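Single-letter residue listing:
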Amino acid sequence: MQYHSTRGEVSGLSFIDAVMMGLASDGGLLVPQSIPDVQAELGRWKGLSYEGLAFEIMRRFLSDLPEEDLKHLIEKSYASFDDPLIAPIRSFDKFHVLELFHGPTLAFKDVALQFLGNLFEHVLEQRDAQLNILGATSGDTGSAAIAGVKGKARIKIFVLYPEGKTSPLQERQMITVLEDNVHNIALRGSFDDCQSLMKSVFSDLEFRTQHSLGAVNSVNWARILAQIVYYFHAWYQLDCPDRFNVSVPTGNFGNIFAGYLAREMGLPINHLILATNSNDILARFFNTGEYSRGQVNFTESPAMDIQVASNFERYLFYELNQSSGKVVEFMEQFQSTGTVSLGFNTRRQNEAFLAGAADDEQTIETIKRCHADYGYLVDPHTAVGIEVASKLHREDLPLLCLSTAYPAKFQHAMHRALPEIPVEHPTLNALKGLPERKQVMDVDEAAVKAYLAGHAL
Ligand SMILES: *Cc1c(COP(=O)(O)O)cnc(C)c1O
C-alpha cells in the first residue's frame, strides 16, 4: 500500500515513510492509495482476539513491515491494557457502550499512542536514527503521548502545557513520569501560547532538521490505522448485527474518521453519529454543508474544545471525490475567509453521517441520567455522544456509543453532576504523593529552543 497527500504534491510513500512524515510536506494529510474492501473476510475473522484482528486489518494497509514484526508490535502495545478484551462492551437496554479507556492513561488516545510509540522505537532502531518529539497539550494527549514513549531508547519527548491551567490530576499524570527521556515544560501562559510557540519552533526548518524534531499529533496516519480496529472488534462483540449505528464524541475528527474508513472497508455501520460539544463547527457542517470557524468555548468536555478539526481534511478529500485541486481550493478559501460552503449536491458520502451538538447542561444531565438509570458512570465526553445519539438515533438498530475516557479523569464535571458520589480510579489514586519533575518557563521561544537544544538527542 502506498500513501499520498490530500493536496497532491506528495505521493508514492510507503507506510513507514508516511508515519515518519506525520503531516505531509505540502501541508496536506496522508491517505492510503486505496481503501481495502474486507467484506469477504468478515466471516473468517470471527473469534479472533483484539490483537489478531488488529493484525489482519493493519497488514492490509502496509507492505514494508515484516508480518512477525507487526504481530510483535501489536502484542506489545496492548499488553499494557487492563482488560483482556482491550475495548470491552457494557450493554444497557437502549444502547451499548464501548469502553476505550482501559489503557495506561485511561483515555482512548492510548489505543493509538501505545502502538505509535512502539512503532517509532522499531523504525528508529532499523534506521539507526533518533527522534525528539515536541508536543503541546491542554490535558489528555500529553499524558498518553508520554506513556507511549517513556523509557524508549532513541526517543525524547518534550511536552509544553500551560502552567496552572490543566487540571491538577492531568498534570500529575505527566509530571510523575520520571524517565530520563521525558521533559515536561510548564509555560507561564495559555494553551494557545503553548501551541503557537510549538508551531513557531516547527516552522524553523533548520532547527527542526538539526534536532530531528517530530510530532505525535492526531494527524499521524498510524493513529488512525490503530483506531479502525475497535470498530470491527465491537461489531463482533455485538454478534455481528446486519447494521448498527455508532456514536462518536468528536474533536479533531480522528476517531470518527477511523469509523468512516471501517464503514468504507465494508463494516455494516449504518450511521456514524458525530457528536460535538458547543464547539460545533463539524455538527454545523454535516447539517448545512457550511464549514465556518467560530470562537473556542471552554466546556466540561475539554478534549473536544476545538474549532478547526485537524483530521477533517482527510474526510474532505473523499467528499470532494479525491480531487486534490478542490481540497486546496477549499482550504485556501477557509484560510482567507473562515467560511466555505459545499452546498451538498453530492449526498452520497454524507449519508454516512448524522451530526449534532450537546451543551454543558445537557452533558451534566446525561451523566446524572446514566447514573440514575443504570448505576453506570460516564465521563463528560462520552455523555456528549450519548446525548446526541438519543436525539438522532431513530432506527430500530443496535446503538454503540464510544466511551473515550474514564470518568475519574474529569473531576469537575463529575462533581457537578454527582456531588455525592466519589469518582476514583486506583491508577490515579496511586499518583498522589509521588515525586514530580517539571521545568517552569516563560513563553519565550529563544529560551525554549535553548532548552530543547541542550536536552535533545
Ligand atoms: C481526544 C479526545 C476526544 C476527541 O477525539 P478526536 O479523535 O479528536 O475527535 C474525545 N474524548 C476524549 C476523552 C479525548 O481525549
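Now for a description of the structure that goes with this document. Owing to the predicted nature of the structure, the values given are computational and were not obtained by experimental measurement.

### Here we look at the overall build of the chain
- The helix and strand tally for the chain stands at 18 helices and 15 strands.
- Dimensions of the chain, computed from the C-alpha atoms along their principal axes, are close to 60 × 55 × 50 Å.
- Partitioning the contacts of the chain with sequence separation of at least 6, the portion at a separation of at least 24 is 75%.
- When the accessible surface of the chain is split by element, carbon and sulfur atoms take 47% of a total near 18200 Å².

### Let's talk about the site of the ligand
- Residues in close proximity to the ligand total 15 residues, the closest being K109, D140, G251, N252 and T404.
- Between the ligand and the protein, one listed contact pairs an oxygen atom with a backbone N or O atom of N252 at 2.7 Å.
- Between T404 and the ligand, the recorded distance is 2.9 Å, taken from a side-chain N or O atom to a nitrogen atom.
- Look at the ligand: alone it shows 390 Å² of surface, and the protein chains cover 97% of it.
- Tallied by class, residues from the shell around the ligand come to six nonpolar, seven polar and two charged.

### Here we look at helix α18 (residues 445-455)
- Within α18 the residues assigned to the buried category are V448, K449, Y451 and L452. Viewed along the axis of α18, the buried residues span an arc of 160 degrees, placing them on a single side of the element. Every exposed residue of α18 that faces more than 90 degrees away from the buried side is listed here: A446, A450 and G454.
- N-capping of α18 is provided by D444, with a side-chain oxygen placed 3.1 Å from the backbone N of A446.

### Considering the sheet that holds strand β14 (residues 399-403)
- Taken in spatial order, the six strands make up an open sheet running β3-β4-β14-β9-β10-β13, and their pairing is mixed. In the strand order of this sheet, the two ends are held by β3 (89-91) and β13 (353-357), each with one partner. Direction aside, neighbouring strands of the sheet carry axes that sit 25 degrees apart on average.
- Two elements, β3 and strand β4 (residues 96-99), share three bridges in a ladder whose sense is antiparallel. Opposite R90, over in β4, you have V97 as the bridge partner.
- Packing of helix α10 (residues 254-264) onto the sheet brings it into contact with β9 (244-249), β10 (269-276), β13 and β14, and relative to β10 it is tilted by some 170 degrees.

### Focus: the packing of aromatic side chains
- The tally for this structure, following the rule as stated, stands at 34 aromatic pairs.
- When the ring of Y50 is compared with that of Y78, the centres are 5.3 Å apart and the planes differ by 65 degrees; the resulting orientation is edge-to-face. Of this pair, Y50 sits in helix α2 (residues 50-59) while Y78 sits in helix α3 (residues 67-78); the two residues are 28 residues apart in sequence, bridging distant segments of the chain.
- Ring geometry for Y260 against Y315: centres 5.3 Å apart, planes inclined by 85 degrees, an arrangement best described as edge-to-face. Here the residue Y260 occupies a position in helix α10, and Y315 occupies one in helix α12 (residues 312-319), the gap between them amounting to 55 residues.
- Residue classification places Y315 among the buried residues on the basis of a relative accessible area of 0%.
- Lying over the aromatic face of F55, K71 brings its terminal NZ or CZ to 4.8 Å of the ring centre.
- Directly above the ring of F334 sits R293, whose terminal nitrogen or CZ lies 4.7 Å from the centroid.

### A word on the side chain of K409
- The topology assignment puts K409 in the loop between β14 and α16 (411-417).
- A polar atom in the side chain of K409 sits 3.4 Å from the side chain of Q173.
- Contacts of K409, omitting those with residues within four sequence positions, involve T105, L106, A107, D140, S143, L169, Q173 and L428.

### What about the nonpolar core?
- If you look at the biggest cluster of nonpolar residues, it comprises 111 residues, and the most contacted ones within it are F115, I228, Y230, Y231, F232, F253 and F312.
- It is helix α9 (residues 221-237) that provides the largest number of residues to this core, a total of 13 residues.
- Setting aside its immediate chain neighbours within four residues, I228 contacts I57, F61, A258, L261, A262 and M265.
- If you look at the next biggest cluster of nonpolar residues, it comprises 30 residues, including C370, Y376, A413 and L431.

### Description of unusual backbone geometry
- Even without glycine at this site, L106 takes up a positive phi of about 65 degrees.
- Relative to the helices and strands, L106 is located in the loop between β4 and α4 (109-127).
- Under the relative-accessibility criterion, L106 is labelled buried at 2%.
- The backbone of S212 sits at a positive phi, close to 45 degrees, despite the residue not being glycine.
- By the element assignment, S212 lies in the loop between α8 (205-210) and β8 (213-214).

Here is what the cut-offs are and how they apply
Residues numbered from 1 in each chain as written. Predicted model: local features only at pLDDT ≥ 70, side-chain atom pairs only at ≥ 80, totals over all residues. Heavy atoms only, no water. Helix = DSSP H or I, 4+ residues; strand = E, 2+ residues; numbered from the N terminus. Contact = heavy atoms within 4.5 Å. Areas by Shrake-Rupley, 256 points an atom, 1.4 Å probe, with all protein chains shown as cover. Near = heavy atom within 4 Å. Polar contact = N/O pair within 3.5 Å; in protein donor to acceptor, adjacent residues only side chain to side chain. Nonpolar A, V, L, I, M, F, W, Y, C, P; charged D, E, K, R; others polar. Buried < 20%, exposed > 50% of the residue type's maximum accessible area, 1.4 Å probe, protein only. Arc of directions from axis to C-beta. Pairing = 2+ DSSP bridges. Axes fitted to C-alpha atoms, helices over the stretch in contact; angles between N-to-C directions. Phe/Tyr/Trp six-rings, centres within 6.5 Å; stacked < 30°, edge-to-face > 60°. Lys NZ or Arg CZ within 6 Å of the ring centre and 35° of its normal. Core = buried A, V, L, I, M, F, W, Y, C linked by side-chain atoms within 4.5 Å.

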